Amino acid sequence: MSPSEYTHSILVLEDEPDLADFIASHLRVAGFDVTVVPDGAEALAVLEEELPDLIVSDVVMPTMNGLEFLQELRKSKRTNAIPLIFLTTESRVEDVIGGLSLGADDYMVKPFKPSELVARIRSKLARPPVPLEDARRDVRSGLLSDSAFLSEVEKEHARARRGNYSGIVACMIIPDLPRLRTYFGPRTDRSLAAQLGGVLMDTADPLVSIGRNAKGDFLLLQPGLPIGEAAKELNRLADAIAATKFSFGEEKLRISPSIGFARFENGRDGAEVYRAAEMAAAESAAHLDLRPTRFSEEMRTARPSKGFGARVLSALWAAARLPGQMASTFVIAWLLPFAIYLALGDFGGELAGFVYWLIVGAIAVTAAFIWIEGVLALRRVDPEPAPHYPPASAIIAAYLPNEAATLESTIEAFLRVDYPSELQIILAYNTPHDMPFEAVLEDIARRDPRFVPLRVRESTSKAQNVNAALAVVRGEFTGVFDADHQPDPNSFRRAWDWLAHGADVVQGHCFIRNGETSWVAKLVAIEFEQIYAVSHPGRSRLHGFGLFGGSNGYWRTELLRQTRFRGSMLTEDIDSSLRVVENGGRIVSDPYLVSRELSPTTLEGLTNQRLRWAQGWFQVSKKRFWPMMRSPHLSLRNKLGVFHLLVWREIFPWLSMQIVPIVAFWAFQAGGLSKIDWFVPILFVLTIGTVATGPGQILFTWHLADTQHKKRSAWFISYLWRSFFFYAEYKNLIARVAQLKEFAGEKAWKVTPRV
């Protein structure tokens, strides 16, 4: 519905109840949308939320009379164009002149005929007395009309060409608007235009021109700003809007703006820049992560369909790509260094010796970190009980039909959670087509009002689903979960105990509940105990900060709204948690805050999952390392932890392989492997220490594991020998391949099957 289709709204200021009812009833019969308030002070409060098309006001009122109200009305650029008709018992010419000089548009003397009042109102609405300087502005919001804004864009484009300077056009979409219209009716657009227009006018630079088009999108023209500065300004506006509570009737809600922008460039006129900004805004609306999106030509270029031959070649390449990338890592890590040692002649031996000692140090440091993390994880820490428990929300992100089989049991598990206050359970899901299972979700919602199914149309990622759900979250803190997670009944209570005592995010323990299904699931079950019972708590105590792992994590809701998940990142969870840490937030790791999930059951499924995780980690390492090292909120200890987490973990999978080309080079120099002295003391001690690290880590894991897994000793033994002979190098190989994929620009994500 466009703004032009709305019923005209009239604000009536009248302190006599009978007269107010008389006026309102006749205006409603005439087809107007009427709001009645008893005095000017209350009317000003109403105008903060919504601007009417016309105001009918008595002159004499108890607290703020009509003339005082009129003065306030004409002071503001948002409200100075609203027509106002005075009702008065005074008919002296001096009174009429005084009111008109203050900005009144018409006078009616009591008593009057309702039909005459209706006629005068329609006359003013048909030919609104807009001030000359605001003739092109929307009387509801004070913003430039679509045509007036485009005219400003064309003028600025001409100035930019003559002056050879940059500027941008931005379009702001409100993806929440259709849902708000459904809930709050046709007045929603007027209310949002008034309130959001006010925020933009108060927050944006005075030189920025602000408009609104017929679709309800907001438009900004930033003249003369370099593209980087303009993007920062748009980021600031998005943050300000996301932090504002907007009033819709008695409800106070937040909205998530999606901003796209385009710059003035040669060969692109003002109208084209405007359209480019709209396309970029549509792209931004697909993510809901508050980040303004710059226009690129890929957004307008349709990809040509492939012929049969091209599709066959593409399929063959897709099948051969991963094995080829795996083989490439061995060429890079083994053959290339060996060739370098040979090419450098005598100096190659010295280089090999240097690299050997570097490897010795790297393996020793890595083994030491593993032992330290294990020791630090031994101490159990529990939060103090909170003095009270506020409303809480859970967001379950799901993709249908992939996760339909697990969802009903997941929802039932959430409905069994024992929490002493209100618990809202939101299923934020996307699906390419309507599904019968959606009827099951509606049945659950009717049965239990705590459950809210929310289909996020056009979504293609977990990040989009979670960001969309934030618009309906009511809780003071929010748990984020994948679709296969089943939290323990006391989980939300324990999470708030941490948050009530200073934590910003709490990451719990993800427990694999389908370990019996395959050898892969058994492997992952013990690996997750090692990660969540030992590594996460131990590393957080060592480095002074924890991480959010994507599920079974509990956030302060306001922080989650500010941070958002970024759909452009393959591991949006790690990216979001590192941004929290970078800004001084505190993330706690609690191994006793348990949620039970499903593991991939095949090696193929596990490989797809871990490739995405590893490439996502590498993305985050590239993007967040230097900002975190420059962060004033992080101590030296924290920054050493950042280096270990983001740099060392990316280098080590390559460095650990270098012993092979070094030994091969030494054997080549000595004339065979039998000529090498294998009992060099440092090599012998290092080998013993490294071999002992695996069993030591498993002992820590068994000691700290969840009691259900602790009973399965055979699983731990199986994990130990599989890790030694296969799994450790498998994970290193995945990390190396993921880096090649990132450098190659691959962004494909395969959904992890749920069994």
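Residues numbered from 1 in each chain as written. Predicted model: local features only at pLDDT ≥ 70, side-chain atom pairs only at ≥ 80, totals over all residues. Heavy atoms only, no water.

(A) Highlighting the sheet that holds strand E12 (residues 293-294). Across the sheet, five strands lie side by side as E7-E8-E6-E11-E12; this open sheet has mixed pairing. The open sheet has two edge strands with one neighbour each: strand E7 (209-212) and E12. In the packing of helix H8 (residues 188-203) onto the sheet, the strands contacted are strand E6 (168-173), E7 and strand E8 (218-222), and the crossing angle to E8 comes to about 20°. Strands in contact with helix H10 (residues 270-285) are E6, E8, strand E11 (258-263) and E12; relative to E11, the strand with the most contacts, it is inclined by about 145°. (Pairing = 2+ DSSP bridges. Helix = DSSP H or I, 4+ residues; strand = E, 2+ residues; numbered from the N terminus. Contact = heavy atoms within 4.5 Å. Axes fitted to C-alpha atoms, helices over the stretch in contact; angles between N-to-C directions.)

(B) Main features of the sheet that holds strand E3 (residues 54-58). If you walk across this open sheet you meet the five strands as E2-E1-E3-E4-E5, and the pairing is parallel. Each end of this open sheet is capped by a strand with a single partner; those strands are strand E2 (33-37) and strand E5 (106-109). Each adjacent strand pair in this sheet contributes to an overall mean axis angle of 20°, direction not counted. As paired strands, strand E1 (residues 9-13) and E2 are joined by five bridges and run parallel to one another. Within E2, the residue paired with leucine 13 across the bridge is valine 37. Here helix H1 (residues 17-29) sits on the sheet and contacts E1, E2 and strand E4 (84-88); the angle it forms with E2, its principal contact strand, is near 170°.

(C) Quick peek at the packing of helix H20 (residues 603-629) against helix H21 (residues 636-655). Two numbers describe how H20 lies on H21: the axes approach to 10 Å, and their chain directions differ by 150°. Relative to H21, the element H20 lies roughly antiparallel. Once H20 is placed against H21, the crossing between them reads as left-handed. Between H20 and H21, the contacting residues are Trp617, Phe618, Ser621, Arg624, Phe625, Met628 and Met629 on the first element and Lys639, Val642, Phe643, Leu645, Leu646, Val647, Arg649 and Glu650 on the second. Classifying every residue of the contact of H20 with H21 by side-chain character gives 10 nonpolar, one polar and four charged. (Parallel < 35°, antiparallel > 145°, perpendicular 65-115°, else oblique. Left-handed = near helix turned anticlockwise from the far one by under 90°. Nonpolar A, V, L, I, M, F, W, Y, C, P; charged D, E, K, R; others polar.)

(D) Focus on the pattern of salt bridges. With the rule as written, the count across this model stands at 35 salt bridges. For the salt bridge of arginine 236 with glutamate 233, the shortest nitrogen-to-oxygen distance reads 2.7 Å. In this pair, arginine 236 and glutamate 233 are both assigned in helix H9 (residues 227-242), three residues apart and thus about one turn of the helix distant. A salt bridge links arginine 494 to aspartate 590, with the shortest nitrogen-to-oxygen separation between them at 2.5 Å. Highlighted residues: arginine 494 in helix H16 (residues 491-499) and aspartate 590 in strand E20 (residues 587-597), separated in sequence by 96 residues. Here the salt bridges do not stand alone but share partners, grouping Asp106, Glu116, Arg120 and Lys124 into one network. (Salt bridge = Lys/Arg side-chain N within 4 Å of Asp/Glu carboxyl O.)

(E) The environment of aspartate 706, seen in detail. Summarising the element assignment, aspartate 706 is placed in the loop between helix H23 (681-704) and helix H24 (707-710). In this structure the C-alpha to C-alpha distance between aspartate 706 and tyrosine 592, which are 114 residues apart in sequence, comes to 8.3 Å. Not counting chain neighbours up to four residues away, the residues in contact with aspartate 706 comprise His509, Phe511, Glu529, Val594 and Arg596. Engagement of the side chain of aspartate 706 in a polar contact is seen with the backbone nitrogen of glutamine 708, the distance being 3.0 Å. (Polar contact = N/O pair within 3.5 Å; in protein donor to acceptor, adjacent residues only side chain to side chain.)

(F) Geometry of the packing of aromatic side chains. Applying the stated criterion across every chain, the model contains 32 aromatic pairs. Centroid distance phenylalanine 477 to phenylalanine 492: 6.0 Å. Interplanar angle 45°. Geometry classified as tilted. One end of the pair, phenylalanine 477, is in strand E16 (residues 477-482); the other, phenylalanine 492, is in helix H16, and 15 residues separate them in sequence. Both residues of the pair, phenylalanine 477 and phenylalanine 492, count as buried. Judged by centre distance (5.9 Å) and plane angle (25°), the ring pair of phenylalanine 548 and phenylalanine 565 falls under stacked. Pair noted here: phenylalanine 548 is in the loop between helix H17 (519-543) and strand E19 (553-556) and phenylalanine 565 is in the loop between helix H18 (557-563) and helix H19 (572-582), with a separation of 17 residues, a long-range link. Note on accessibility: phenylalanine 548 and phenylalanine 565 belong to one class, buried. Cation over ring: lysine 710 sits above tryptophan 702, and NZ or CZ is 4.9 Å from the ring centre. (Phe/Tyr/Trp six-rings, centres within 6.5 Å; stacked < 30°, edge-to-face > 60°. Buried < 20%, exposed > 50% of the residue type's maximum accessible area, 1.4 Å probe, protein only. Lys NZ or Arg CZ within 6 Å of the ring centre and 35° of its normal.)

(G) Structural context of the side chain of glutamine 222. Take glutamine 222: it is sitting in strand E8. Relative accessible area serves as the criterion here: at 1%, glutamine 222 is assigned to the buried category. Among residues more than four places away in sequence, those in contact with glutamine 222 are Gly167, Ile168, Val208, Ala230, Glu233 and Leu234.

(H) Focus on the nonpolar core. In this structure, Trp555, Phe565, Leu578 and Leu646 are the most contacted members of the largest nonpolar core, which totals 38 residues. Only strand E13 (392-399), strand E14 (423-430), helix H15 (462-469), H18, H19, H20 and H21 provide two or more residues apiece to this core. Ignoring anything within four residues of it in the chain, the contact list for tryptophan 555 reads Phe477, Thr478, Val480, Asp504, Val505, Phe548, Leu560, Thr563, Phe565, Ser576 and Val580. (Core = buried A, V, L, I, M, F, W, Y, C linked by side-chain atoms within 4.5 Å.)

(I) Inspection of the packing of H1 against helix H5 (residues 114-126) at higher detail. Remark: H1 packs on H5, axes separated minimally by 10 Å, with the N-to-C direction vectors making an angle of 60°. Taken together, the axes of H1 and H5 lie oblique to each other. Once H1 is placed against H5, the crossing between them reads as right-handed. Between H1 and H5, the contacting residues are Phe22, Ile23, His26 and Leu27 on the first element and Pro114, Leu117, Val118 and Ile121 on the second.

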